[in-house]
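Residues per chain are reported as follows:
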Amino acid sequence: MDKIRIGMVGCGGMCNGAHVPAYLKDERVELVAFCDIVESRAVKAKETYNPQAKTYVDFNDLVADENIDAVDICTPNYWHSRIAVAALKAGKHVFCEKPDAVSPEEALKMKKASEESGKLLMVMRNNRFVDASKYAKRFIDEGKAGDLYTGRCGWIRRRGIPGKGGWFTTKELSGGGPLIDLGVHMIDLAVWLMGNPTPVSVSGSTYCKFAETDISNSEHSNFGEKQVDGIFDVEDLAIGFIRFDNGACLQIEFSWASNIESEAAFVELRGTKAGFSWKNGNLKIFSEDDGVLTDINPVFDKSNGHQNNLKHFIDVLIDGCEPIYKPQQGLDMIKILNAIYQSAASGLEVRL
Ligand SMILES: NC(=O)c1ccc[n+]([C@@H]2O[C@H](COP(=O)([O-])OP(=O)(O)OC[C@H]3O[C@@H](n4cnc5c(N)ncnc54)[C@H](O)[C@@H]3O)[C@@H](O)[C@H]2O)c1
């Protein structure tokens, strides 16, 4: 294969803002179909990006299209597993936006469908694909950090509830609030840098303090569709603690709204030879050399993690290189998030 024919499902913010722009830069990709339950969105995408493309309103029709090699899913979270499983069973490769699925059961179905069909399943992990993360991963894999035994990660927004009242804040469609929306980014980055240890237990608390208030918006509030008088039955803050089979642990914190100084997305890891601070895509490394404390501040150009991740998907399909993402990692991630919700509800630690 030297060209991958892609069918897009879900023609909203991420499709138009990240996936299609990345594919348009890759001459190995042909965008051959667009599907959205709001037909006008699929038609607009076709007219904008490829007038020869087909349009669909039902994803079942798109996955049955014989002229499609891979399906790219940019729908609300509830649909990820449903569309991915249908596409894999129809013999298509799948690239799916994060989070992998809204429950461990659904994530497992995706993994099984990929194994049974022999088709590639990759879920967006854009933060692994920025230069700071790649540098940190190399540093760790070369043994320069020593034993990574503890860390903290989070994404705390001062203001930034996405699509208030719409699918983002409706548990049935999203699977949860900032824990599933943002947690999947930073917990994944931390766990990947730590070498993917297996989670064994979690503890957590969640809060919803801003659903009924009229707090101000931020750029993040424009994600998804808002709905006046819609549903808001998810948390706006989640705090937690994860233990792994190798003895390591991770503290976590995710919010869409918090009265804090400023927004930060971060991963801090501590190793026996060096520690890391990854903050908003910038990296610092803390160590000691011959009795002298040393800081390394590598400087990177701004890298586009989404574009790099989508290019990696095409590289795997065309060149056969090893995928950086494995469906088992997605399943482990959704198990962690689900168990934190269970722990928050019961007030007890949950064993995985
Ligand atoms: N990786 C990132 O940085 C990042 C950032 C934002 C959002 N996301 C993820 O991207 C996904 C999409 O988010 P968005 O902001 O683009 O949402 P959006 O609401 O802007 O777009 C979703 C689109 O999907 C369509 N849709 C809904 N159900 C469908 C179905 N069954 N079949 C076909 N189309 C359907 C909607 O009509 C809408 O056009 C979400 O899973 C979200 O978590 C990822």
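These numbers were taken from a predicted model, which means no experiment stands behind them.

Engineer: Lay out the overall build of the chain with the relevant residues and their values.
Structural biologist: Within the chain, the regular secondary structure consists of eleven helices and 15 strands. Rg of the C-alpha trace for the chain: 20 Å, near the compact-globule value of 20 Å for 352 residues, within the 12% margin. Each principal axis of the C-alpha atoms in the chain carries an extent, and together these give about 65 × 50 × 35 Å. A burial count over the chain gives 54% of its 352 residues as buried. Partitioning the contacts of the chain with sequence separation of at least 6, the portion at a separation of at least 24 is 74%.

Engineer: Provide a residue-level description of helix H1 (residues 13-24), including the pertinent values.
Structural biologist: Think of an α-helix as turning once every 3.6 residues; residues three or four places apart then point the same way. For H1, with twelve residues, the first-to-last C-alpha span of 16 Å sits near the 16 Å given by 1.5 Å per residue. Three or more residues of H1 are buried, namely Cys15, Ala18, His19, Val20, Ala22 and Tyr23. In this fold, the buried residues of H1 make contact with strand E1 (4-9), strand E2 (29-35), helix H2 (39-49), strand E4 (70-73), strand E5 (93-96) and helix H10 (305-319).

Engineer: Would you mind going over the packing of helix H6 (residues 131-141) against helix H9 (residues 183-193) in detail, with residue names and values included?
Structural biologist: The interhelical angle for the contact between H6 and H9, taken along N-to-C directions, is 25°, at an axis separation of 10 Å. In terms of axis orientation, H6 runs roughly parallel to H9. Each of Ser133, Ala136, Lys137 and Ile140 in H6 lies in contact with H9, whose residues at this interface are Leu189, Trp192 and Leu193.

Engineer: With reference to specific residues and values, describe the environment of Gly330.
Structural biologist: For Gly330, the location among the structural elements is in helix H11 (residues 327-346). Considering only alpha carbons, one finds Gly330 and Asp100, 230 residues apart in sequence, at a separation of 6.0 Å. Not counting residues within four places of it along the chain, the set of residues in contact with Gly330 comprises Asp100, Arg125 and Tyr325.

Engineer: Give a detailed account of the pattern of salt bridges, specifying residues and quantitative values.
Structural biologist: This structure, assessed with the given rule, holds 20 salt bridges. Measuring nitrogen to oxygen at the nearest pair gives 2.9 Å for the salt bridge that ties Asp69 to Arg5. Of the two residues, Asp69 is situated in the loop between helix H3 (59-63) and E4 and Arg5 in strand E1; the sequence distance between them amounts to 64 residues. Asp315 serves as the salt-bridge partner of Arg28, at 2.8 Å between the closest nitrogen and oxygen. Note that Arg28 is positioned in the loop between H1 and E2 and Asp315 in helix H10, a separation of 287 residues in sequence. Of the two residues examined, Arg28 and Asp315, each falls in the buried class. Salt bridges sharing common partners tie together Asp26, Arg28, Lys311 and Asp315.

Engineer: Account for the state of the cysteines, with residues named and values stated.
Structural biologist: According to the stated counting rule, one finds zero disulfides in the structure shown. Cysteine Cys15 shares no disulfide, and the gap to the nearest cysteine sulfur, in Cys11, comes to 4.4 Å. According to the relative accessible area criterion, Cys15 is buried, its value standing at 0%. The closest cysteine sulfur to the non-disulfide-bonded Cys96 is located on Cys74, 8.2 Å from its own sulfur.

Engineer: Outline the side chain of Asn309, listing residues and values.
Structural biologist: Checked against the element boundaries, Asn309 lands in helix H10. Ignoring sequence-local partners within four residues, the contact set of Asn309 consists of Phe95, Met122, Val123, Met124, Arg125, Asn126 and Phe129.

Engineer: For the site of the ligand, give the residues involved together with the corresponding values.
Structural biologist: What surrounds the ligand is a group of 25 residues, the closest being Met14, Asp36, Asn77, His80 and His306. Here Ile37 contributes a backbone N or O atom positioned 3.5 Å from a nitrogen atom of the ligand. Contact distances for the ligand include 3.1 Å between an oxygen atom and a backbone N or O atom of Thr75. Considered on its own, the ligand offers 850 Å² of accessible surface; in the complex 93% of this is hidden by protein. Among the elements that take part in the shell around the ligand, helix H4 (residues 77-89) stands out by supplying three residues, more than any other. A per-class count over the shell around the ligand returns eleven nonpolar, ten polar and four charged.

Engineer: How would you summarise the sheet that holds strand E12 (residues 274-279) if you had to cite specific residues and measurements?
Structural biologist: If you trace the nine strands from one edge of the open sheet to the other, you get E14-E13-E12-E11-E7-E10-E9-E8-E15, paired in mixed fashion. Each having just a single partner strand, strand E14 (292-296) and strand E15 (350-351) make up the two edges of the open sheet. Note: strand E11 (residues 264-271) against E12, five bridges, orientation antiparallel. Directly across from Val267, in E12, lies its bridge partner Trp278. Relative to strand E8 (residues 199-207), H11 is tilted by about 50°, and along the sheet it contacts E8, strand E9 (237-244), strand E10 (249-255) and E15.

The rules behind these values
- Residues numbered from 1 in each chain as written.
- Predicted model: local features only at pLDDT ≥ 70, side-chain atom pairs only at ≥ 80, totals over all residues.
- Heavy atoms only, no water.
- Helix = DSSP H or I, 4+ residues; strand = E, 2+ residues; numbered from the N terminus.
- Rg over C-alpha atoms; globule rule 2.2 N^0.38 Å.
- Buried < 20%, exposed > 50% of the residue type's maximum accessible area, 1.4 Å probe, protein only.
- Contact = heavy atoms within 4.5 Å.
- Expected span 1.5 Å × (residues − 1).
- Axes fitted to C-alpha atoms, helices over the stretch in contact; angles between N-to-C directions.
- Parallel < 35°, antiparallel > 145°, perpendicular 65-115°, else oblique.
- Salt bridge = Lys/Arg side-chain N within 4 Å of Asp/Glu carboxyl O.
- Disulfide = S-S within 2.5 Å.
- Near = heavy atom within 4 Å.
- Polar contact = N/O pair within 3.5 Å; in protein donor to acceptor, adjacent residues only side chain to side chain.
- Areas by Shrake-Rupley, 256 points an atom, 1.4 Å probe, with all protein chains shown as cover.
- Nonpolar A, V, L, I, M, F, W, Y, C, P; charged D, E, K, R; others polar.
- Pairing = 2+ DSSP bridges.

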